[in-house]
Amino acid sequence: MKDINEILYNGKPDLDWINSYIKEDGTVVEGHWRTSANETSSDNLSSDNDEDGIPGWLDSDADGDGILEAIDNDGDGIADAIVSIFDM
Ligand SMILES: [Ca+2]
Ligand SMILES: [Ca+2]
Ligand SMILES: [Ca+2]
């Protein structure tokens, strides 16, 4: 697990759309969203380091140390600012 330093944390990473592509071995990789690299892997879309069922990118406390690194005023465990993106 890579813990997040909540003091220095710059917020959830940007999402980049990766177009479908074919690997050298012929495997097709479907298009998908990928989180931009930052100082931690805990907040990736594919990460759930605290195993609460919420992907790290959505999780208000992605590393599960009890210290929120994103605003969660309604206390549902999901970062509020990010939820509003999906509501649009
Ligand atoms: Ca989680
Ligand atoms: Ca945390
Ligand atoms: Ca919330």
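Just above sits the structure.
Residues numbered from 1 in each chain as written. Chains lettered and ligands numbered in written order. Predicted model: local features only at pLDDT ≥ 70, side-chain atom pairs only at ≥ 80, totals over all residues.

Asker: Can you help me understand the overall build of the protein in this one?
Answerer: If you tally the helices and strands in the protein, you get one helix and four strands. Sequence-ordered secondary structure for the protein, helices as α and strands as β, is β-β-β-β-α. On the principal axes, the C-alpha backbone points of the protein span a range of 45 × 30 × 25 Å. Looking at the protein as a whole, 19% of its 88 residues are labelled buried. Partitioning the contacts of the protein with sequence separation of at least 6, the portion at a separation of at least 24 is 26%. (Helix = DSSP H or I, 4+ residues; strand = E, 2+ residues; numbered from the N terminus. Buried ≥ 20, exposed ≤ 12 C-beta atoms within 10 Å, placed from the backbone. Contact = placed C-beta atoms within 7 Å.)

Asker: So what exactly am I meant to see when it comes to unusual backbone geometry here?
Answerer: Note: most residues except glycine have negative phi, and most peptide bonds are trans. Positive phi, normally seen in glycine, also occurs at E51, with a value near 55°. The residue E51 is located in the loop between β4 (32–35) and α1 (80–87) in this model. E51 sits in the exposed class, given 7 other C-beta atoms within 10 Å.

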